[in-house]
Amino acid sequence: MTKLNINEFLHGGDYNPEQWLDTPEILNQDFALFKAANINTVTVGVFSWAKLEPKEGNYTFDWLDDIFDRVEKMHGHVILATPSGARPAWLAKKYPEVLRVDSDGIRRKFGGRHNHCISSPIYRQKVHEINTKLAKHFGKRKSLILWHISNEYSSVCYCDLCQENFRKFLQRKYHTLDNLNHAWWTTFWSHYYDSWDEITAPGPKSETGNKGMNLDWNRFVTDQSISFIDNEIEPLKKLTPNIPVTTNMMAGGAELKVFNGLDYQKISKHLDIISWDSYPDWGNDYQSTYQVGMKVSLLNDFYRSLKHQNFLVMESTPSRVNWQNVNRAKRPGMHELSEMQAIAHGSDGALYFQLRASRGSSEMFHGAVIEHRHPQMTRAYHDVKKLGEGLLKIKDAVKTSYVKAKVAIVYSYDNDWALANCESYSSDKKYWTTIKKHYRYFYENDIPVDIIGPDDDFSSYKLIIDPMHFLMSEAYMNKLRTYVKNGGVVVGTYISGVVDDNVLAYMDEWPKQLQEVYGIEPLETDVLYPSQSNSVLWGNTTGNAYDYCETLINHSAEVLGTYQHDFYKDIAAITKNKCSEGYGYYLACRLSYDFLEKFYHDLVLKFDIKPDYPIRKYTKQITIQVRENSKYRYYYVQNWSTNTQSLDITEPLADLFNGIEIIGNKERIHGYETKIYLQRK
Amino acid sequence: MTKLNINEFLHGGDYNPEQWLDTPEILNQDFALFKAANINTVTVGVFSWAKLEPKEGNYTFDWLDDIFDRVEKMHGHVILATPSGARPAWLAKKYPEVLRVDSDGIRRKFGGRHNHCISSPIYRQKVHEINTKLAKHFGKRKSLILWHISNEYSSVCYCDLCQENFRKFLQRKYHTLDNLNHAWWTTFWSHYYDSWDEITAPGPKSETGNKGMNLDWNRFVTDQSISFIDNEIEPLKKLTPNIPVTTNMMAGGAELKVFNGLDYQKISKHLDIISWDSYPDWGNDYQSTYQVGMKVSLLNDFYRSLKHQNFLVMESTPSRVNWQNVNRAKRPGMHELSEMQAIAHGSDGALYFQLRASRGSSEMFHGAVIEHRHPQMTRAYHDVKKLGEGLLKIKDAVKTSYVKAKVAIVYSYDNDWALANCESYSSDKKYWTTIKKHYRYFYENDIPVDIIGPDDDFSSYKLIIDPMHFLMSEAYMNKLRTYVKNGGVVVGTYISGVVDDNVLAYMDEWPKQLQEVYGIEPLETDVLYPSQSNSVLWGNTTGNAYDYCETLINHSAEVLGTYQHDFYKDIAAITKNKCSEGYGYYLACRLSYDFLEKFYHDLVLKFDIKPDYPIRKYTKQITIQVRENSKYRYYYVQNWSTNTQSLDITEPLADLFNGIEIIGNKERIHGYETKIYLQRK
Amino acid sequence: MTKLNINEFLHGGDYNPEQWLDTPEILNQDFALFKAANINTVTVGVFSWAKLEPKEGNYTFDWLDDIFDRVEKMHGHVILATPSGARPAWLAKKYPEVLRVDSDGIRRKFGGRHNHCISSPIYRQKVHEINTKLAKHFGKRKSLILWHISNEYSSVCYCDLCQENFRKFLQRKYHTLDNLNHAWWTTFWSHYYDSWDEITAPGPKSETGNKGMNLDWNRFVTDQSISFIDNEIEPLKKLTPNIPVTTNMMAGGAELKVFNGLDYQKISKHLDIISWDSYPDWGNDYQSTYQVGMKVSLLNDFYRSLKHQNFLVMESTPSRVNWQNVNRAKRPGMHELSEMQAIAHGSDGALYFQLRASRGSSEMFHGAVIEHRHPQMTRAYHDVKKLGEGLLKIKDAVKTSYVKAKVAIVYSYDNDWALANCESYSSDKKYWTTIKKHYRYFYENDIPVDIIGPDDDFSSYKLIIDPMHFLMSEAYMNKLRTYVKNGGVVVGTYISGVVDDNVLAYMDEWPKQLQEVYGIEPLETDVLYPSQSNSVLWGNTTGNAYDYCETLINHSAEVLGTYQHDFYKDIAAITKNKCSEGYGYYLACRLSYDFLEKFYHDLVLKFDIKPDYPIRKYTKQITIQVRENSKYRYYYVQNWSTNTQSLDITEPLADLFNGIEIIGNKERIHGYETKIYLQRK
Ligand SMILES: [Zn+2]
Ligand SMILES: [Zn+2]
Ligand SMILES: [Zn+2]
């Protein structure tokens, strides 16, 4: 994997000079403002195809050469995007097959972005050609530090080509129809396939209920997207082997859930650098800043964990977005707090969408460093400039990585898809919400956590949390058992180990591997309506149990907590099992956070997981993240409240922003302030 | 009509051995568990087409022969389904015209179930062929007791063939376009048809507002489905004239409303036995068990009334369903309570979906007698086994019918469709809710009720309740008048007799027949917003009037109650009219239940409708239903509360489950318990 | 423009005798009832095409001749509609291209109304032909007073013809693709067009995010509809130049917002008379009658202002509608109150949909003067008859116009569309609600207001209120500046002057014209979540600020009020700027009504805007509207409460309804009563 080669934090972001080629005074103003704000990086080429190839085969790169020249003159960096996220009108007109077919079978017309078939050979060829041209033309530019392929991949297409590729994918996977019929359990409802060409993509006009088929469709979409991505990357790697490649990933919704249209864990293997677009709903009226911060923290950890290395926030807004119901700008101080948060979690910079606001069309009012009017007077510009100054001060801190975590939480795409698709339990199973709830303890207690996939290496973790792991492969269960036998600690929960990787139920008994790990077997899941609950007693602690309460068969586990009501009163609800050198804890029901907090508090003490920092805090509104290299440790201390808070510094540290030494006494941290304390190892 | 020939209550249900042909140990386990649980009936063949005819014309029945053998070895019964509910992929591929066309005009692809055109001659032919083969091959099997045709018919298709059949249906009905144009009042909006081929099915891409057209489309869908059904039944009747035929009917929604995609009252004439699939939301958090029980009670009465004979609950879950937002399992005791409820209302057994859980696909987590893991340890299996033991004890009680009701409530499909389609009053008219509200009094007071259609015979009833009968044909009104003149008592309400059977308004005055029956004419319907109300005074009783308040012209009626507010203060709201030997009561407004309760209390006393049982109860949470034959009367007493309740037994009875004689004293009935008391006539 | 030539208020409305040609007794009854109710006007021909031309080229006008004869016999008036609102089945069958194509690209089938392509040459030709025939045949009828073209125009079609016409519209507007590419800012997302035929209509299957394109599509739909309308009118004007032409316009939704599918301000230039269909939700349970009345008052003012002349309410219900969730009838007294309200605002009559209820189809239960049963006994008929008597008494008052307003509120269609389309601020920007809120002060204080478009003449107004004027053309801003410089007073608000008429952002600074008018520049808009707020202090008055709070750069304005909280505490929120002879007031935030009330109270005093009436009222539940001619002034005083209220009469007036002279003393006005006081000038 090619590394990102930088000596300073990247500061800048998406820039579309092609919109302003007729007004060079705008370009001049932009670069003057960049310089004044310590902006050192521009991401160009995203959606620029029509300007790069205005007519088929007619490439015009001179305007982009000029931008490279300008960047290089200020010793800055260029992140160069391939333009496949949107295509020129001439391409759609000449080759209508490049446009997507919706699930109703109707082919879309030209318009929008991401409106392309991921199978179309013509589209792939055209993308390959322009990527080759870009790599040839700009590949030697000293300012070029990173390829940004396409934009926010999220393709689904139902055209005949995609249908045919789905069938090929299935043939590669299953070899025989017998295998497929068994895996999809097609005898149900007489859906037995006698010929490959009888298979169509699942959807509202065909079949929606076959679990195996739906899961394979999800996997196919990832697989086909990877093949599309590989085709994009191939000429770049060939012509510019030293320039790393990334693409910008997503998260969304009120929950800020990781995007699950594609399996990012699989896609990350085809990229050098992970980057994501971070658009939280800061300043809303239904959550505190601290709570929003936790949602973002989890995502930063997720994206860092994809390759277990530093990442980039590729897009973030300097002020507001334009697509929420209420598009509120960041409050004073929020910009620095939020951008430093990403760096604290391992981001190598602060990049924005967008540097210059578009004058028209759909994102013209999305927050920008340079707004339409009085650009140098806006709060956004001042916030960016102030951050630029700060990043300059802490420049050397870029040569660090996030500290190694002892705790991991498992998130599996197959499992997410299978749970979403599972007709049972309740319709909203809240997988991501549950991950977030378990994550919360570690966030509040400044314990580093990785968010890993089922294929990750477990061996370096002391504790693995594996919630709601409904779909588990045999291989996964074997790995988990090995991990525990070798001394690992795992926390499992209700709704785990129910189906195999074809979404076929495990039969007869709970998988042996899980029995060994946990010493129990789940028998029945009591599914509760929203206003119904049970409670669990564990020592002196009582917790509320809701949504899901499993009854257990206990083979060898120690019963830690029991249900207090209903027909399963006094039955085990929380168990602990010794398995060779390790332990398997099982939470049979969904528990309130106050209970989880005590549970993890005990675990962390018992297994010596909590790191020892030379900083003491007096409120959970303060968070501490750590980056380090061989010589130094950098403590990123952030105050998520609007009030000034106290810290105790217990060892000599340096305050990086203020350039002073601190020797073991009280510190004051203002509302929304970030402090970075340097400790020599 | 062919009768069901059984000597014991049926116990069993849907079974799909074709999913397990490669694992005979599963089949062996199944039959061992059936036997242990006193399961005596399996419903097979539902959705088995692909296994019965894996390639066109290539029939493989041996696996099903084996199942018949196994059942016969245990002296059990087989309900054999025809497989038309889902078709093999080869059939859809070779004859794409068998697949349905949606209302947007797009033909569906292979997938789902019930995805077939009800007109396709090829599909009918293929169904006829396999039904013939099945009847020939299995018709002589001694275990075969019932044909189960297809599954949950619910077809709508907009293909050219269906459109053509719709026009033919209209030609048969109207003979001339003049008749059709008048009935559909096509001069409105210039929709006059000058040629039959100008007519298309109503829908979102054509016409949605023509009331007569919409109603005829509903009728056509039933008519075309009946023709499909007749085609299915024809070879069965020819080859196995002594085996009765059923199909499984439906109900659904939060209200548990009877399915109204098809007119079951018409379809029932083509069947020997009525059966339905009962899936209430037991254990929810918005209704008491008692309230849920009432919803189900009404449906059992509806389905029993379709043919005025015993029926079957063809499907019910031994634990939970998989398609609710919250799929909660039955609480302890609920299984017996719910299954015995159906039997109390006239069901001849307790049948489940499903006996063995599917290993994959969309219903894999629907509750089953035999679950994926530790099947003999589940609550569901124990509940089923316990019920099996009980059914064995009361075996002889199967030779009874539900007691003859003196009260009937009218439910009309034409009326339901016309009300749903009617643009007036308020958008949700709550027809079924209103039926349920009137039903409640009789349910709470243990008075048997039939739910009848407009074509049923009225003569045996003392009281007919005819709520919200918006659409009435001349024939119906004549029949109603005759019924009342001959001494019948009818209760009518607001929004009745407004349109004829073409949804054309009755002109000039309220139909003469209704005037004679009720002695009044409705003049205006005051439609109230949800928070608005009026009140009605009747003697000392005041009731809340809401949603609809009609003002009346009084010709000859006695005014029982009057409005208390608004511009119609002091105007008649409740009237009573003597009409020859009978009475017509009219409720001009929607009234609160407490008021209805007093109203019916008076009526029941006055007309001597309440039966006299040798059992006294002290709470409405107890219900009593009665089945009987020439010698015995069986009282099914059920306790819908979780508390133990008292009963007084006023005559010598036998407690069937406990095998003891009770002589006129106090009894204790536990929470959710069912007692059956036998009385010699 | 041709004037409406009448000597009495029109009373009557939509009448469909073609539905009753087989039942002449119905027609006889209708005319007897018309006469008894002083109905003098029938609107015929709406949706009558199939009866006027039952087969292609075969015209049958005799039945309509008979209606004209009957009307003329009673010395009444005919409003004759052209039938294009719905077409005969034969036309759709022979020329399928007349039917509309939906945004999914699927062509509709025959059915509904308004289901026609606005481009189809065949449809236009057929409409032209029948309009010509109608004009020739009925044009000389002395009873013919008004042409009513089509019905509630609201067309959108996505067929190839419409797509082609959209491109032609764009070519006419932009001349070159360079112009179009700039205006639509197509470099964004590579949407650059290289050829006109690459352009398709915006929609869910193509492009939805391009602001300029969307706005041009809205303008095209109006433009194409005008061309359709002109084609309808052409033969009428040629053959009957003295008969004015109208079409019925719409408003809708819970807010009773003016219909914005078409730009009525542009369309009104092609009509002689403005008319609209008024269907408020009288009697609901979420607003008082007074509040509903204000919604309607605003619309009456809007429609009157379209041509600054008297208008007509073309449709209103005598009782209830049939399409609300709750279709409540008008309460006693409401009919007169609501119909007189329209007349008070400048309507020349009271016209209903419908005179005779249809017997079937979708509007059969819409309120009618003549209902299905006992038509002469209904409340609706009595209300209509009573109003008819009243209108006869005030007959001479028809020769008046609404008094000239000194205040205007600007409503712009382009702005409405651009705001709805704007991805920024919050998703629901509440433009109409804001207009209504500013309007409220004037309504409550009996100050006449016009609702004008951006192209109207400003010179006659003392005060112009111009809220949320997001999209402003250079021409508009120049006009506004001139108006103020010449002594006008303007009130502007937050979110104004942001984009030009291509929805391109104004760059560098706020437009100079606005700076001159207001003396300030908006810098940032703080967008608040629903539960968030700020407050503004102005003298002693504090107002709640919510949704939008702008920060301002102050160049020359006097600061009237300042924010009280947050990072913009103490910054200007309300400013006043002297600009030559006039003033520009700017409200930088959305303010609570109590605050606006005080603000306008001051303004009205300062600029002497409040008229002086010889009537004093003691509650806002009383409204006063004034019509006048050269000799007389008519005061329409309406009581929107259900209680009797007092008035002081300060000068001698005549009470028109009661025919008595009032000399300066107390008057009593009953609940829902309307008084008309005549004053000699
Ligand atoms: Zn494709
Ligand atoms: Zn069909
Ligand atoms: Zn068109």
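Criteria and cut-off values
- Residues numbered from 1 in each chain as written.
- Chains lettered and ligands numbered in written order.
- Predicted model: local features only at pLDDT ≥ 70, side-chain atom pairs only at ≥ 80, totals over all residues.
- Heavy atoms only, no water.
- Donors = N, O, S within 2.8 Å, 3.2 Å for Na, K, Ca; no water.
- Tetrahedral: all angles 85-135°; square planar, octahedral: opposite > 155°, others 65-115°.
- Buried < 20%, exposed > 50% of the residue type's maximum accessible area, 1.4 Å probe, protein only.
- Salt bridge = Lys/Arg side-chain N within 4 Å of Asp/Glu carboxyl O.
- Phe/Tyr/Trp six-rings, centres within 6.5 Å; stacked < 30°, edge-to-face > 60°.
- Helix = DSSP H or I, 4+ residues; strand = E, 2+ residues; numbered from the N terminus.
- Domains from an automatic or database assignment.
- Contact = heavy atoms within 4.5 Å.
- Buried area = accessible area lost by both parts, 1.4 Å probe.
- Polar contact = N/O pair within 3.5 Å; in protein donor to acceptor, adjacent residues only side chain to side chain.
- Least-squares fit on C-alpha atoms with pLDDT ≥ 70 in both.
- UniProt positions renumbered as here; feature names shortened; annotations may be inferred.
- Pairing = 2+ DSSP bridges.
- Expected span 1.5 Å × (residues − 1).
- Arc of directions from axis to C-beta.

Some details on the coordination of the zinc ion (ligand 2)
A metal bound by six donors in octahedral fashion has ideal angles of 90 or 180 degrees, whereas one bound by four tetrahedral donors has an ideal angle of 109.5 degrees. Residues and elements named next belong to chain B. At this site the zinc ion (ligand 2) is bound by Cys117 (SG), Cys157 (SG), Cys159 (SG) and Cys162 (SG), with donor distances of 2.2 to 2.4 Å. What the 4 donor atoms of the zinc ion (ligand 2) show is an angle range of 102 to 119° at the metal, which sorts the shape as tetrahedral. Linear spacing of the donor residues for the zinc ion (ligand 2) on their chain is C-x39-C-x1-C-x2-C. Looking at Cys159, the relative accessible area reads 4%, which means it is buried.

Considering the pattern of salt bridges
Once the charged atoms of two side chains with opposite charge are near each other, the side chains can pair. All told, the structure shown has 155 salt bridges over all chains when counted by the stated rule. Salt bridges here are not isolated pairs; linked through shared partners, they connect Glu56, Lys94, Lys126 and Glu129 of chain A.

Here we look at the packing of aromatic side chains
Under the counting rule described, the total for this entry stands at 180 aromatic pairs over all chains. When the ring of Tyr413 of chain B is compared with that of Trp417 of chain B, the centres are 5.9 Å apart and the planes differ by 55°; the resulting orientation is tilted. Remark: Trp417 of chain B and Tyr413 of chain B occur in helix 13 (residues 413–421); sequence separation between them is 4 residues, near one turn of the helix. Here Trp417 of chain B falls in the buried class, since its relative accessible area comes to 5%. Ring geometry for Tyr411 of chain C and Trp432 of chain C: centres 5.3 Å apart, planes at 90°, overall edge-to-face. One end of the pair, Tyr411 of chain C, is in the loop between strand 13 (407–410) and helix 13 (413–421); the other, Trp432 of chain C, is in helix 14 (residues 431–444), and 21 residues separate them in sequence. Judged on exposure class, the residue Tyr411 of chain C and its partner Trp432 of chain C are both buried. Joined through ring pairs, the aromatic side chains of Phe259, Tyr264, Trp276, Phe302, Tyr303, Tyr411, Tyr413, Trp417, Tyr431 and Trp432 of chain A make up one cluster.

What to know about the coordination of the zinc ion (ligand 1)
Residue and element names in this part refer to chain A. Coordination sphere of the zinc ion (ligand 1), protein contribution only: Cys117 (SG), Cys157 (SG), Cys159 (SG) and Cys162 (SG), at 2.3 to 2.4 Å. Donor residues for the zinc ion (ligand 1), ordered by position in the chain, follow C-x39-C-x1-C-x2-C. Of this pair, Cys117 sits in the loop between helix 4 (89–94) and helix 5 (121–138) while Cys157 sits in the loop between strand 4 (144–148) and helix 6 (160–174), and the two are 40 residues apart along the sequence. According to the relative accessible area criterion, Cys157 is buried, its value standing at 2%.

Side note on the domain arrangement of chain A
Residues and elements named next belong to chain A. According to the domain assignment, chain A contains domain 1 (10–398), domain 2 (407–606) and domain 3 (615–680). Of note, the centres of domain 1 and domain 3, computed from C-alpha atoms alone, are 34 Å apart. The partner domain 3 presents 15 residues to the 25 residues of domain 1 that form the contact. The largest share of the area that domain 1 buries against domain 3 comes from Tyr290, Leu337 and Ala344, three residues that together contribute 35% of it. For the interface between domain 1 and domain 3, the tally reads 1 salt bridge.

Points about the environment of Lys173 of chain A
Residue and element names in this part refer to chain A. When you line up the elements, Lys173 lands in helix 6. If near-sequence neighbours (up to four positions away) are discounted, Lys173 is found in contact with Asp216, Arg219 and Asn502. Only 3.5 Å separates the side chain of Lys173 from the side chain of Tyr174, close enough to count as a polar contact.

A look at the relation of the copies chain C and chain B
Taken as rigid bodies, chain C and chain B are interconverted by a rotation of 120° and an axial shift of 0.0 Å, the fit giving an RMSD of 0.0 Å. What we have between these two chains is a three-fold relation. When the interface residues of chain C are mapped onto chain B, a mere 4% of them again lie at the interface, so each copy presents a different face.

Structural notes on the relation of the copies chain B and chain A
After a rotation of 120° and a shift along the axis of 0.0 Å, chain B superposes on chain A with an RMSD of 0.0 Å. Mapped onto chain A, only 4% of the interface residues of chain B again fall at the interface, so the copies present different surfaces.

Digging into the UniProt feature "domain: Beta-galactosidase trimerisation" (unreviewed entry) in chain A
UniProt annotation of "domain: Beta-galactosidase trimerisation" (unreviewed entry) refers to residues 405–605 of chain A when read in the numbering used here. End C-alpha to end C-alpha, residues 405–605 of chain A measures 16 Å, and it is 27% helix and 33% strand.

Re the interface of chain C and chain B
Facing 54 residues of chain C, the contacting portion of chain B comprises 58 residues. Between chain C and chain B, a total of about 5,000 Å² is buried, with carbon and sulfur atoms accounting for 54% of that surface. The largest per-residue losses of area from chain C upon contact with chain B belong to Arg359, Phe365 and Arg373 of chain C, which jointly make up 16% of the total buried on that side. Applying the counting criterion to the chain C and chain B interface returns 9 salt bridges. For the salt bridge of Asp526 of chain B with Arg328 of chain C, the shortest nitrogen-to-oxygen distance reads 3.8 Å. Counting across the chain C and chain B interface gives 30 residue pairs in polar contact (both at pLDDT 80 or more). Elements represented by at least two residues in the side of chain C that touches chain B include exactly helix 2 (49–52) and helix 4 (89–94) of chain C.

Things to note about the pairing of strand 10 (residues 312–315) of chain A
Here 3 bridges tie strand 9 (residues 275–277) of chain A to strand 10 of chain A, and the two strands are oriented parallel to one another. Following the sheet pairing, Trp276 of chain A is matched in strand 10 of chain A by Val313 of chain A.

What about the interface of chain B and chain A?
The interface is formed by 54 residues belonging to chain B together with 58 residues belonging to chain A. Contact with chain A buries surface across chain B, with Arg359, Phe365 and Arg373 of chain B losing the most and accounting together for 16% of the total. Here chain B and chain A share 9 salt bridges between them. Measuring nitrogen to oxygen at the nearest pair gives 3.7 Å for the salt bridge that ties Arg359 of chain B to Asp500 of chain A.

Focus: the sheet that holds strand 11 (residues 349–352) of chain C
All names here are of chain C. As summarised here, the arrangement of the 6 strands in space is 5-4-3-2-1-11, forming an open sheet in which the pairing is parallel. Both edges of this open sheet fall to strand 5 (245–246) and strand 11, since each of them pairs with a single strand only. As defined by bridge partners, strand 1 (residues 10–14) adjoins strand 11 across 4 bridges and the pair is classed as parallel. By the bridge assignment for strand 11, Gly12 is matched with Leu351.

Points about helix 1 (residues 24–36) of chain A
Residues and elements named next belong to chain A. An ideal rise of 1.5 Å per residue puts 18 Å on 13 residues; helix 1 measures up with 19 Å between its terminal C-alpha atoms. Along helix 1, the residues that are buried comprise Ile26, Leu27, Asp30, Phe31, Leu33 and Phe34. One side of helix 1 holds all its buried residues, which, seen down the axis, span an arc of 160°. Packed against the buried residues of helix 1 are strand 2 (41–44), helix 3 (62–73) and helix 12 (379–393). Positive phi appears at Asn38, one or two residues downstream of helix 1, with a value of about 55°.

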